[in-house]
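Structural description and commentary
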Protein chains: 2
Amino acid sequence: MIRVIQCGLGAMGSLMARIALEKRDLRLVGAVARRAELHGADLGAYLKDPRARGRKIYPDIATAARRTRADLVMTATGSLLAEELPILEAAIDAGLDVVSIAEELAYPAARSPAAAARLDRLARRKRVTVLGTGINPGFVLDLLIIALTGVCRRVESIYAERVNDLSPYGGMVMQTQGIGLTPAAFAQGLKAGTVLGHIGFQQSVAMIADALGVELDEVREERAPIIAAKERRGEHVTVAPGMVAGCRHTAKGLHKGRVVIELVHPQQIQPEAEGTRTRDRIVIKGQPGIDLRVEPELAGGIGTAALAVNMVPLVAAAAPGLVSMKDLPVPRLAALRS
Amino acid sequence: MIRVIQCGLGAMGSLMARIALEKRDLRLVGAVARRAELHGADLGAYLKDPRARGRKIYPDIATAARRTRADLVMTATGSLLAEELPILEAAIDAGLDVVSIAEELAYPAARSPAAAARLDRLARRKRVTVLGTGINPGFVLDLLIIALTGVCRRVESIYAERVNDLSPYGGMVMQTQGIGLTPAAFAQGLKAGTVLGHIGFQQSVAMIADALGVELDEVREERAPIIAAKERRGEHVTVAPGMVAGCRHTAKGLHKGRVVIELVHPQQIQPEAEGTRTRDRIVIKGQPGIDLRVEPELAGGIGTAALAVNMVPLVAAAAPGLVSMKDLPVPRLAALRS
């Protein structure tokens, strides 16, 4: 039985906590939240789930770990490594394994090799395992591609795209994708860093390249506005024709001047309004060639939450250190309570 | 650098040896073959590949291991565990890691738990790792399914099919699938055990069920003839209308009386002659649902050979014991020589 704390009780963290309650081999023993009004509250009441009754919400990981004698913490507190580092260090220091959905932790060596090396050292010293995961980065545009190359004799190039629908998402996601902006404001947002596109391409490209032993010259990212030709409606925004309905973000990994990895992720609201079906697609040119489709795309929110919880038993059993999805056994549904 | 021996130099074994020669981190140091006329022969001459020149073909694994100081042996000598056991035991005894494409070794606990437990004990004692792999069993109808369930919160049922084309294969494959027979002779062949269908369903179903922590009541297999409506031509056989063009083999895993895993593998020659396109498909009913297609199907022969060689570095780095694909990090293209 693995004793688990959930750190971060927003939409994703709450979902992860609920999924953890369904697992045969996990015991959700508490949670951590920033909001002061939650400190000391009953987790079952907060989640509206009687199975979590009697477990508390704590103000910080050190306290939660001590009070609950937890083995592992699942974190859902942000996307960026810099934001996540204090939480990770507190968790490692408390002797907890970590499963995080912070996108940049999916493969931190990609952009922050020094921080990654330090995390790895700390984790080994405390004999805990630290993993970043999620549907993307963490599965669709990296792990699944890597697994497919396993049946290849040669790989000439990899092309993959993930077309999803952001319609259900809230204001923060609309903002980071520039949805609802004029094309000019989108361009300004890119410069100002308020329009971000997808977080995770650097991580996915580096994970693939490292798995395949390919040295890349560089990774080129491009973000272009998806201009609505027809009106599109999301839960939080309506986009008029001529305005920005999403961000088409691409990443290209070059080896000796040639594009060997190309990942495409147009994130938008209501793509089907203009005849675009959501899907994942992976095309590997090589021997043999591979053309894989998942239609509709592997679901984003629920997929990330489920994957994080499903990885808990594998992380608990793994050797200490900072690891990535390519280092662990394949994910699988962690057994449900019967 | 991992020093590798190839045991078995038929079509598959020779292909594995050639692929091993292309890998940066492997060194093919010799081979083993049954045919006496090959003993002592030059492997480079046999493979018609100068990169293997100066390496010898040996009569048995013990001799080969001693002369070459090998680390690992790749075997391609048969499908059945019983046939493979003496080879595996010799390899373990010689202190070699093993990667085998024998279908029943993909998950030997499925049908031979005692033999599997014994192999695991022997391997641990000698501190070597033993893996059975291949495109199927080993990847399409088990590992890929398992990996997809990793993004699920719940799985109600799994349906997967693999439609391939046996046209290029030789007489032995035609015979084991009953291709070219009358429907009556096919039925007799099933009873007599000369028509086998696919070898590996018991292994794939058990690997999936064990990965997901689902106890199965039973696994039901069915083999039905695919009757040609039009003439179909393979390399080694022409099938007239009304005769058997292939074997539609299915396996169903039942949990509490309900089919939770259904695998379908119609193996035939020239399916496109009657409008059937080759493909792999995986449908998971659950939360979220998943519908994945690979068209055409992941290539069989080259896929198995490539996967076996690609698994070598992962097996060499793994903990000792008898392992299966679900226990190791995801496969990936092993780095090529640059």
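Refer to the structure presented above.
Residues numbered from 1 in each chain as written. Chains lettered and ligands numbered in written order. Predicted model: local features only at pLDDT ≥ 70, side-chain atom pairs only at ≥ 80, totals over all residues. Heavy atoms only, no water.

Quick notes on the interface of chain B and chain A
What counts, and what does not: By the convention used here, residues are in contact when the closest approach between their heavy atoms is within 4.5 Å. Defined here as a combined quantity, buried area equals the accessible surface (1.4 Å probe) lost by two parts on assembly, summed across both. Here, a salt bridge means any Lys or Arg side-chain nitrogen found within 4 Å of an Asp or Glu carboxyl oxygen. For the purposes of these results, a polar contact is taken to be a pair of N or O atoms within 3.5 Å, where, inside protein, one atom must be able to donate a hydrogen and its partner to accept one; residues adjacent in sequence count only when each atom of the pair is a side-chain atom. By definition, any uninterrupted DSSP run of H or I lasting at least four residues is a helix, any uninterrupted run of E lasting at least two residues is a strand, and each is numbered from the N terminus. Lys, Arg, Asp and Glu make up the charged group, whereas Ala, Val, Leu, Ile, Met, Phe, Trp, Tyr, Cys and Pro make up the nonpolar group; the residues left over, Gly among them, are polar. Here the rule is simple: two strands pair whenever DSSP picks up at least two bridges between them.
The partner chain A presents 48 residues to the 48 residues of chain B that form the contact. Regarding the contact of chain B and chain A, the summed buried area is about 3800 Å², with carbon and sulfur atoms giving 63% of it. Taken together, the connections running from chain B to chain A amount to four salt bridges. A salt bridge links R153(B) to E22(A); its shortest N-O distance comes to 2.6 Å. The tally of links between chain B and chain A comes to 15 residue pairs in polar contact (both at pLDDT 80 or more). For the side of chain B that touches chain A, the elements supplying multiple residues, two or more each, are helix 1 (11-21), helix 6 (143-149), strand 7 (154-165), helix 9 (201-212), strand 14 (290-294) and helix 10 (301-317) of chain B. Among the residues forming the side of chain B that touches chain A, the class breakdown is 30 nonpolar, six polar and twelve charged. Relative to strand 14 of chain B, strand 14 (residues 290-294) of chain A is paired through three bridges, and the arrangement is antiparallel. Pairing of R293(A) across the sheet is with R293(B), part of strand 14 of chain B.

A short note on the side chain of R162(A)
Along the chain, the position of R162(A) falls in strand 7 (residues 154-165). Among the polar contacts made by the side chain of R162(A), one reaches the side chain of D280(A) at a distance of 2.9 Å.

Examining the nonpolar core
Stated precisely, the cut-off is as follows: Side-chain atoms within 4.5 Å link the members of a nonpolar core, which is a set of buried Ala, Val, Leu, Ile, Met, Phe, Trp, Tyr and Cys residues. For every residue, the accessible area (1.4 Å probe, protein chains only) is compared with the maximum for its type, and the residue is labelled buried under 20%, exposed over 50%, or partly exposed between those bounds.
If you look at the biggest cluster of nonpolar residues, it comprises 147 residues, and the most contacted ones within it are F139(A), L263(A), F139(B) and L298(B). In contact with L298(B), other than residues within four places in its own chain, are L148(A), V151(A), I290(A), I135(B), F139(B), V140(B), R162(B) and D280(B). One finds V29(B), V98(B), L105(B) and A123(B) within the second-largest nonpolar core, a separate group that totals 27 residues.

Structural notes on the relation of the copies chain B and chain A
The cut-off we apply is this: The copies were overlaid with a least-squares fit restricted to C-alpha atoms from residues scoring a pLDDT of at least 70 in each copy.
Once turned by 180° and shifted 0.0 Å along the axis, chain B lies on chain A with an RMSD of 0.0 Å. The two molecules are tied by a two-fold rotation axis, judged by turn and shift. It is P329(B) whose C-alpha, among those of chain B, lies nearest the rotation axis, at 2.0 Å. Take the interface residues of chain B: 100% of them recur as interface residues in chain A, which is what a same-surface contact looks like.

Remarks on the pairing of strand 12 (residues 258-268) of chain B
Regular strands show a simple pattern: their side chains alternate between the two faces of the sheet. Residues and elements named next belong to chain B. Taken across its eleven residues, strand 12 has eight buried, putting it largely inside the fold. Two elements, strand 7 and strand 12, share six bridges in a ladder whose sense is parallel. Bridging across to strand 12, N164 finds its partner in Q267. One ladder, built from ten bridges, connects strand 11 (residues 244-255) with strand 12; its direction is antiparallel. Among the inter-strand pairings, C247 is bridged to a residue of strand 12, identified as Q267.

Focus: the sheet that holds strand 1 (residues 2-7) of chain A
Residue and element names in this part refer to chain A. We count it as follows: Here, axes are lines fitted to C-alpha atoms. For helices the fit covers the stretch in contact, and angles between N-to-C directions go from 0 to 180 degrees.
Read from one edge to the other, the open sheet built from seven strands follows the order 3-2-1-4-5-6-15, with strand pairing classed as parallel. The open sheet has two free edges, formed respectively by strand 3 (56-58) and strand 15 (321-323), since each of these has just one partner strand. Neighbour-to-neighbour, the strand axes of the sheet open up by a mean angle of 25°, direction not taken into account. Note: strand 1 against strand 2 (residues 26-32), six bridges, orientation parallel. Bridging across to strand 2, Q6 finds its partner in A31.

Observations regarding the pattern of salt bridges
This structure, assessed with the given rule, holds 30 salt bridges over all chains. Salt-bridge contacts for D25(A) lead to R24(A); the nearest nitrogen and oxygen are separated by 3.2 Å. By relative accessible area, D25(A) is classed as partly exposed at 34%. Salt bridges sharing common partners tie together E22(A), R153(B) and R154(B).

What about the sheet that holds strand 6 (residues 129-132) of chain B?
Each strand in a sheet pairs with another by means of backbone hydrogen bonds, the pair being arranged parallel or else antiparallel. Residue and element names in this part refer to chain B. The strand order 3-2-1-4-5-6-15 describes an open sheet built from seven strands, whose pairing is parallel. With partners counted over all chains shown, the strands left at the sheet margins are strand 3 (56-58) and strand 15 (321-323), one partner each. In this sheet, neighbouring strand axes are inclined to one another by 25° on average, regardless of whether the strands run parallel or antiparallel. Of the pairings in the sheet, the one linking strand 2 (residues 26-32) to strand 3 comprises three bridges and is parallel in character. By the bridge assignment, G30 is partnered in strand 3 with K56. Strands in contact with helix 3 (residues 61-68) are strand 1 (2-7), strand 2, strand 3 and strand 4 (72-75); relative to strand 1, the strand with the most contacts, it is inclined by about 155°.

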